[in-house]
Structures are given as C-alpha cells and as structure tokens.
Amino acid sequence: MTKALTIAKFGGTSVATYEAMQNCARIVVGNEATRIVVVSASAGVTNHLVSLAHTPMTQEQIGDVCEAIKAIEYAILEKLQDKTAVEAKLNDLLAEIRELAYHEEILHRDDLKDQLLSMGERMSSLMFSQVVAEAGQSAINFDVRKVLRTDSEFGCAAPQLETISELAEQLLRPELAANIVVTQGFVGADDQGRTTTLGRGGSDFTAALLAEALRAQVCEIWTDVAGVYTTDPRIADKAHPLPELSFEEAAEMATFGAKVLHPATMEPALRQNVKVFVGSSKEPEKGGTWIMKDCENEPPYRAITRRKEQVMVTVKTPKMLYAQGFLQKVFSIIAKHKLSVDLVTTSEISVSFTLDNPANSVASRLNRETIAELETICDVKVEKGFDLVTVVGNHMQTAKGVSSKIFAAVSDYNLRMICFGANPHNMSLLVNEDNSAEIVQKLHHTLFE
Ligand code: ADP
Ligand code: ASP
Ligand code: MG
C-alpha cells in the first residue's frame, strides 16, 4: 500500500511575507503526510506582472513596477536565516522579469506574457523552499513545468492529464522520499517546453491536478479565510464557514464566483475522489471546510456567490421568426471561440445571454472576437455593468417555495435575467453591479441568518 499523501497549497496572502510563510511552514511540518507544497505568487506580485504584460508603459513606469516586485521579494529574503542560499537565484529571476518587461513584443506575444506571469510563483516557491528548510525539513524547489504539461492556449492553458500523470510518477514521486517538494501553482509548459499559465487563481487547480496525478488522499487549500463560507465574508459580515460541502456544491460555488476556489479545482478531485480541505494558514486551529463526495446533508440552500464583470449580449434578427437555423448559428460562433454561456433567455426575435468578462483575461479577448463575428450575421447589443448573484443548493428545482423565498428577498431590485430550473444546484440572477452587494446581503439574511 502506498503511503498517505497530502498536497498543501498556499495562496498569495499566505506567502505574502516571511512571517506568513513561517505559519505555512508550521502547517507543512506538522503533518508528515504533506510531501508536496504548491505555492501561489506572494500577494500583489501577479497583479504587477499582469500590468507589465498588458498595459503600455513608459520605460520609467516599467522600472517602477519591477522595483515594487523586487521590494516584496527582498522583504522576505532579508529575513531568511541564510539568505545566501537563494539570493543569487532570486536575482536571476528578477533579472528575467526585467528582460521580459522591457521586451519590445511583450504586449503582443501571448507566450512572452505567460513567461512573465509565471515569475511570481517561481520566486515564491524558491523562497518558501528555503523557509521550510529553515524549519528543519529537507526541501527542494521543483520546477512544475517538468510535469504540468498543458496545451498551448497561453493565459488559460488546459492540462493534459495522462502526460501529467506519467511525468509526475516519473519525475516527482521519486523526490518525495527524501524531500518536501515545493513547487509552483498556476504554471505549466506545452510540449515545446514553452511556459503556460492556467488562468488567474489557477494555483488551486494545480494542487488538485497533482493530487489526482499522484493519487493523493487529501488536497489542502490554505488561504486567508477559515474555510468556504455561506457567502464571501467580505460582502456579508454574518457569513459563516461551512463544515462540509459536496464536490458538486463546491464546483457550483467556484464556477459562480466564490473566489476561494478556482472553478476547475473540483474536477480532478472528483475524478480521483481526493478530499479537499479549505482552511486559514494564519489560524489553522479554527478548522475549515471538508469537501467530499458524500455529505451528511443536502440542504436546499448552501451558499450565495457573486461573480463580477458580466456582460449581457442581445442578438436580434428580424429574420429570426423564419430562420430556424439562427440560434444554432449564434451558439456555434460562441462554441467556436470556446466561450461558455451561463444565462440565456430567448424570445421570438432575440436571444440574450451573459458572458464572463474580467479585464485583461483571455475570456475578454474571446468575447470581443465573438461579438465581432456575431455582428456579421445579426444586430448585437452589448450591455455592461452587471454582476451575477447565485444561490447554490440542492434539489432546488423540486423543493417547494425556493424561488418565491428568493424573489421575496430581492423584490426591491431590478433583475435583468434569471436562470432557474436547468440545474438542481443553483438559481442565478443577473443584477446591476451597484446593487449586487446589497442583494447578496439581503439573500444571506433571508436564507442563512
Ligand atoms: P488565495 O490567494 O489564498 O488563493 P483568494 O483571494 O483567491 O485567496 O481567495 C480567498 C478569498 O475568497 C477570501 O478572502 C474571500 O474574500 C473570497 N471568497 C469569496 N467567496 C467566498 C466564500 N464563499 N467563502 C470564503 N471566501 C470567499
Ligand atoms: N498567482 C496567480 C494569480 O494571482 C495564481 C494564484 O494565485 O492562484 O492569479
Ligand atoms: Mg485563489
């Protein structure tokens, strides 16, 4: 029988400073099953890298951003017991950042952008491996690109599961006997060895993918909150942590905006039946949320989520009354650009649907391309300024009174679109972004307080 294996992932705030990293190291050292650690970039670093990759800047501004990144890393470096162990490597990585940031094609080449975006995790994993070593454990900094094979969709690369599993067995497993392996979340490489990234917040996904590949029993997601809450505690102060969740509920929450988990995290966990734990790296004693296949109960309301930056697209053709193939054409254009649509309403002459549109994301570029193509076949109206508020639960379409209770709670607000009944786990409302926080608070009050 193989030994119990836990993979622990630490998010950006958990590895933001030397002191925060020490909390994480205590968690790692405290559980002998934890042999693989996946880290995010230290808080703030990826945002800086995104601005270098996406925003036209003067040479001086680029220099300032590079200095801001260096300051975050040096604040950690200076506190290490033995900084000479990593200083030269860190300086090499900082030099690589400058080189990429000043590269004349950085704003236009997606491969260069991903190489730049990966640098935060490459630095934080280097620093954290030294913090673990200083906590008395033998630790190595492992380049995840050796095993995390993806396609070449820079910015939102898709993992190639079989290859990952083979490479992880071959190159990663042998390291576990003697070392704690510290590696990078969010980052991968295509079959030509070019660096790719999995999309913002993708380190959770990395941890779940490695857990699947190495058939770990547990994947821990350590973050800045003590579990998955009934809603984002930053929106509703009475939100409270959920002791347990099913894979389906967690996947639904993540898809509809619970930032605490990257939307794809549950897929590998579900396939390999890996239990996922979410807890606070600062206050591990508070416990957290266990996400697993079977939960003790399946309440009709489990949580409320919010996803920001939604656009509503309405396509209209006077010919639609007669043209039966119109809907098919619209959806094939959407499918061609690999977009997923969450809410749809149709009438005789028009179709409205929502698209996820976060700034500087691959999705927003694809949205622009899709809309341009739709404009060649019909009238297209694009409206911005919406958020999607979703109530997540179980058997919602058959439980009595679910929709009336939700509608009563939000009766003061304008709902632009509603999706209910297609899926037993959710009811989604498209609302004006100015009202979304209040709507979440009202729903939370009605359903959970
Ligand atoms: P990390 O950097 O550790 O990956 P994230 O910022 O990505 O952390 O995710 C943690 C944040 O997710 C929390 O600070 C919280 O504001 C937000 N969040 C949104 N919805 C929820 C929820 N339902 N439960 C807990 N946290 C949530
Ligand atoms: N550092 C990446 C980001 O900020 C990935 C992650 O934190 O999960 O999006
Ligand atoms: Mg995250």
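Residues numbered from 1 in each chain as written. Chains lettered and ligands numbered in written order. Predicted model: local features only at pLDDT ≥ 70, side-chain atom pairs only at ≥ 80, totals over all residues. Heavy atoms only, no water.

## Quick word on the overall build of the protein chain
Argument step 1. Counting secondary structure elements, the protein chain contains 14 helices and 16 strands.
Argument step 2. Taking 22 Å as the expected radius of gyration for a compact globule of 449 residues, we find that the protein chain reaches 23 Å, a close match to that expectation.
Argument step 3. Along the three orthogonal principal directions, the C-alpha set of the protein chain runs to about 70 × 55 × 40 Å.
Argument step 4. Burial status across the protein chain gives 52% buried among its 449 residues.
Argument step 5. For the protein chain, the proportion of contacts with a sequence separation of at least 24, taken over those separated by at least 6, is 76%. (Helix = DSSP H or I, 4+ residues; strand = E, 2+ residues; numbered from the N terminus. Rg over C-alpha atoms; globule rule 2.2 N^0.38 Å. Buried < 20%, exposed > 50% of the residue type's maximum accessible area, 1.4 Å probe, protein only. Contact = heavy atoms within 4.5 Å.)

## Focus on the sheet that holds strand β1 (residues 6-10)
To summarise the sheet geometry, strands pair through backbone hydrogen bonds and adopt either a parallel or an antiparallel arrangement.
Argument step 1. Taken in spatial order, the eight strands make up an open sheet running β3-β4-β2-β1-β7-β9-β10-β8, and their pairing is mixed. Because the sheet does not close on itself, it has two edges, and the strands there are β3 (139-142) and β8 (244-246). Strand-to-strand, the axes of this sheet are offset by a mean angle of 20°, without reference to chain direction.
Argument step 2. In terms of strand pairing, strand β2 (residues 34-39) meets strand β4 (residues 180-184) through four bridges, oriented parallel. (Pairing = 2+ DSSP bridges. Axes fitted to C-alpha atoms, helices over the stretch in contact; angles between N-to-C directions.)

## Comments concerning the nonpolar core
Argument step 1. If you look at the biggest cluster of nonpolar residues, it comprises 92 residues, and the most contacted ones within it are Phe10, Leu52, Ile97, Phe128 and Ile291.
Argument step 2. In contact with Phe128, other than residues within four places in its own chain, are Met21, Cys24, Ala25, Val28, Val37, Val39 and Val182. (Core = buried A, V, L, I, M, F, W, Y, C linked by side-chain atoms within 4.5 Å.)

## Looking at the side chain of Asn394
Argument step 1. Topologically, Asn394 is positioned in the loop between β14 (379-392) and α13 (402-409).
Argument step 2. Asn394 sits in the buried class, given a relative accessible area of 3%.
Argument step 3. Within the local environment of Asn394, its side chain forms a polar contact with the side chain of Glu249, the two groups lying 2.5 Å apart.
Argument step 4. Setting aside anything within four residues of it in sequence, one finds Asn394 in contact with Glu249, Glu298, Pro299, Pro300, Pro424 and His425. (Polar contact = N/O pair within 3.5 Å; in protein donor to acceptor, adjacent residues only side chain to side chain.)

## Examining the sheet that holds strand β13 (residues 350-356)
Argument step 1. Strand order in the open sheet made by the six strands is β12-β13-β11-β14-β16-β15, with antiparallel pairing throughout. Whereas interior strands pair on both sides, the edge strands pair on one side only; in this sheet they are β12 (344-346) and β15 (415-420). Ignoring which end each strand starts from, the neighbouring axes of this sheet average 25° apart.
Argument step 2. Direction of pairing for β14 relative to strand β16 (residues 426-432): antiparallel, over a ladder of seven bridges. Residue pairing across strands places Leu388 opposite Leu430, the latter belonging to β16.
Argument step 3. Against the sheet, helix α12 (residues 362-374) makes contact with β11 (303-316), β13 and β14, and its axis sits at roughly 160° relative to β13, the strand it touches most.

## Observations concerning α13
Argument step 1. Within α13, the full set of buried residues consists of Val402, Ile406 and Ala409. Projection of α13 onto a plane perpendicular to its axis shows the buried side chains occupying an angular sector of 60°, all on one side.
Argument step 2. In this fold, the buried residues of α13 make contact with β14, β15, β16 and α14 (436-448). (Arc of directions from axis to C-beta.)

## Things to note about the site of ligand 1
Argument step 1. Surveying the vicinity of ligand 1 reveals 17 residues, the closest of which are Thr223, Asp224, Tyr229, Asp232 and Arg234.
Argument step 2. The separation between an oxygen atom of ligand 1 and a polar main-chain atom of Gly12 is 3.1 Å.
Argument step 3. Tyr229 is positioned with one of its backbone polar atoms (N or O) 2.8 Å from a nitrogen atom of ligand 1.
Argument step 4. In isolation ligand 1 offers 570 Å² of accessible surface; the protein chains occlude 90% of this area.
Argument step 5. Class assignment for the residues of the shell around ligand 1 results in seven nonpolar, five polar and five charged. (Near = heavy atom within 4 Å. Areas by Shrake-Rupley, 256 points an atom, 1.4 Å probe, with all protein chains shown as cover. Nonpolar A, V, L, I, M, F, W, Y, C, P; charged D, E, K, R; others polar.)

## What to know about the site of ligand 2
Argument step 1. Near ligand 2 you find Ser40, Ala41, Thr46, Glu121, Phe186, Arg200, Gly201, Gly202 and Ser203, and these make up its full shell.
Argument step 2. A distance of 2.8 Å separates a nitrogen atom of ligand 2 from a polar atom in the side chain of Thr46.
Argument step 3. The separation between an oxygen atom of ligand 2 and a polar main-chain atom of Gly201 is 2.8 Å.
Argument step 4. Computed on the free molecule, ligand 2 has an accessible area of 260 Å², of which 87% lies beneath the protein chains in the complex.
Argument step 5. Taken together, the residues of the shell around ligand 2 sort by class into two nonpolar, five polar and two charged.

## So, the side chain of Asn357
Argument step 1. Assignment of secondary structure puts Asn357 in the loop between β13 and α12.
Argument step 2. One polar contact links Asn357 to Asn367, side chain to side chain, over a distance of 2.7 Å.

## So, a nonpolar patch on the surface
Argument step 1. Taken together, the side chains of Phe407, Ile418 and Phe420 define a hydrophobic patch exposed on the protein surface, amounting to about 230 Å² of accessible area.
Argument step 2. Within the fold, Phe420 resides in strand β15.
Argument step 3. Residue classification places Phe420 among the partly exposed residues on the basis of a relative accessible area of 32%. (Patch = residues over 30% accessible without salt bridge, like charges linked within 9 Å, V, L, I, M, F, W, Y side chains within 5 Å. Salt bridge = Lys/Arg side-chain N within 4 Å of Asp/Glu carboxyl O.)

## Topic: the packing of aromatic side chains
Argument step 1. A complete count under the given rule lists four aromatic pairs for this structure.
Argument step 2. When the centroid spacing of 5.8 Å and the interplanar angle of 45° are considered together, the rings of Phe10 and Phe128 count as tilted. Here Phe10, found in strand β1, pairs with Phe128, found in helix α6 (residues 119-134); they are 118 residues apart in sequence, far enough to count as distant.
Argument step 3. Relative accessible area serves as the criterion here: at 0%, Phe10 is assigned to the buried category.
Argument step 4. Given the relative accessible area of 0%, Phe128 is considered buried.
Argument step 5. Ring centres of Phe277 and Trp290 lie 5.0 Å apart, and the angle between their planes is 55°; this geometry places the pair in the tilted category. Within this pair, whereas Phe277 is found in strand β9 (residues 275-280), its partner Trp290 is found in strand β10 (residues 288-292), the two being separated by 13 residues in sequence.
Argument step 6. By relative accessible area, which is 8% here, Phe277 ends up buried.
Argument step 7. Ring pairing ties together the aromatic residues Trp222, Phe277 and Trp290, which thus form one cluster.
Argument step 8. We note Lys70 situated over the ring of Tyr74; from NZ or CZ to the ring centre the distance is 5.0 Å. (Phe/Tyr/Trp six-rings, centres within 6.5 Å; stacked < 30°, edge-to-face > 60°. Lys NZ or Arg CZ within 6 Å of the ring centre and 35° of its normal.)

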